Amino acid sequence: QPADVLAIIIKCINFAAVKHKYQRRKDPEKTPYVNHVIGVAEILTEEANVQDVEVIQAAILHDTVEDTDTSFDEIEAQFGVNVCQLVKEVTDDKSLPKAERKRLQVEHAAGSSPSAKLIKLADKLYNLRDLERVSPEGWAPERVQEYYEWAQKVVNELRGTNKKLEDSLDEIFKRHCTS
Ligand code: NDP
Ligand code: ZN
């Protein structure tokens with residue numbers, strides 16, 4: 001691991017906090033968006049036992065290009081080609097309609113790298129825990145249910161990556177999905 005790993009991680013957290021500063025989560029409390037990306041990184045260190053710094057960096061940065069004005073060039077210049085490649089693998093194409101993006105997440109999941117799969121699993125686990133805690137504002141129960149079922153389809157394509165994360169996800173699916 002690089003000797004300056006602490007400075008590298010703090011640089012990522014600060015970058016994400018600045019980029020996401022106007023964004024809030026969809027929960028009724030309107031939690032700052034950056035809580036999500038920090039939480040995803042913590043799932044990876046605390047639950048998945050991930051020690052690869054570049055995976056943790058990409059987890060912290062995973063929604064910057066998808067949800068803010070950040071470009072991949074900016075990520076590459078600031079954090080290097082490996083981190084940028086990982087962020088690319090977990091970024092949806094925002095030019096596509098939402099339903100198509102959801103379909104492509106299922107289709108692309110199995111073909112992604114092991115590191116990207118870890119981030120995708122942690123991202124889903126965080127979002128599903130958030131959904132179990134409280135429904136987003138304006139979401140009817142049917143929409144919440146659709147999310148659980150779609151997330152299960154994505155996770156089914158990510159299996160064999162990390163047992164702890166997959167077991168935690170399966171506990172959630174057991175509570176909300178029929179299959
Ligand atoms: P999602 O339905 O995909 O919204 C969920 C995403 O929002 C998560 O993946 C997460 O993404 C982020 N998020 C932010 N806050 C929360 C939170 N508190 N809990 C969980 N997730 C959170 O996206 P859209 O709103 O873009 O809707 C897309 C799809 O929703 C459409 O394809 C359509 O099928 C469906 N839809 C269904 C409706 C219905 O009534 N059944 C109505 C409207 C849409 P991230 O990790 O990137 O932050
Ligand atoms: Zn996310």
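Scroll up to find the structure.
Figured I'd write up the structure that's included with this text. (Residues numbered from 1 in each chain as written. Chains lettered and ligands numbered in written order. Predicted model: local features only at pLDDT ≥ 70, side-chain atom pairs only at ≥ 80, totals over all residues. Heavy atoms only, no water.)

### Brief notes about the coordination of the zinc ion (ligand 2)
When four donors bind a metal tetrahedrally, each ideal donor-metal-donor angle is 109.5 degrees, and when six bind octahedrally, the ideal angles are 90 or 180 degrees. Test applied: Water is not part of the atom set, so a site may look incomplete; the donors themselves are N, O and S atoms within 2.8 Å of the metal, or 3.2 Å for Na, K and Ca. The buried label applies to any residue whose accessible area, calculated with a 1.4 Å probe on protein chains only, is under 20% of its type's maximum; exposed applies above 50%, and partly exposed to all values in between.
Coordination of the zinc ion (ligand 2) by the protein comes from His36 (NE2), His62 (NE2), Asp63 (OD) and Asp123 (OD), over a distance range of 2.1 to 2.3 Å. When the donor residues of the zinc ion (ligand 2) are listed from N- to C-terminus, their spacing reads H-x25-H-D-x59-D. Each of the two residues, histidine 62 as well as aspartate 63, counts as buried.

### Concerning helix α2 (residues 34–47)
Here is the rule we go by: Helix and strand assignments follow DSSP, with helices taken as H or I runs no shorter than four residues and strands as E runs no shorter than two, numbered in order from the N terminus. For a helix, the expected span equals 1.5 Å multiplied by the residue count minus one. Any pair of residues with heavy atoms lying within 4.5 Å of one another is described as a contacting pair.
In a regular helix each residue adds 1.5 Å, so 14 residues correspond to 20 Å; α2 covers 19 Å between its end C-alpha atoms and thus fits that length. Looking at α2, one finds that the buried residues are Val34, His36, Val37, Gly39, Val40, Ala41, Ile43, Leu44 and Glu47. Of the surrounding elements, those touching the buried residues of α2 are α1 (5–19), α3 (53–61), α8 (114–133) and α10 (163–176). With its phi angle positive at about 60°, asparagine 49 sits one or two positions after the end of α2.

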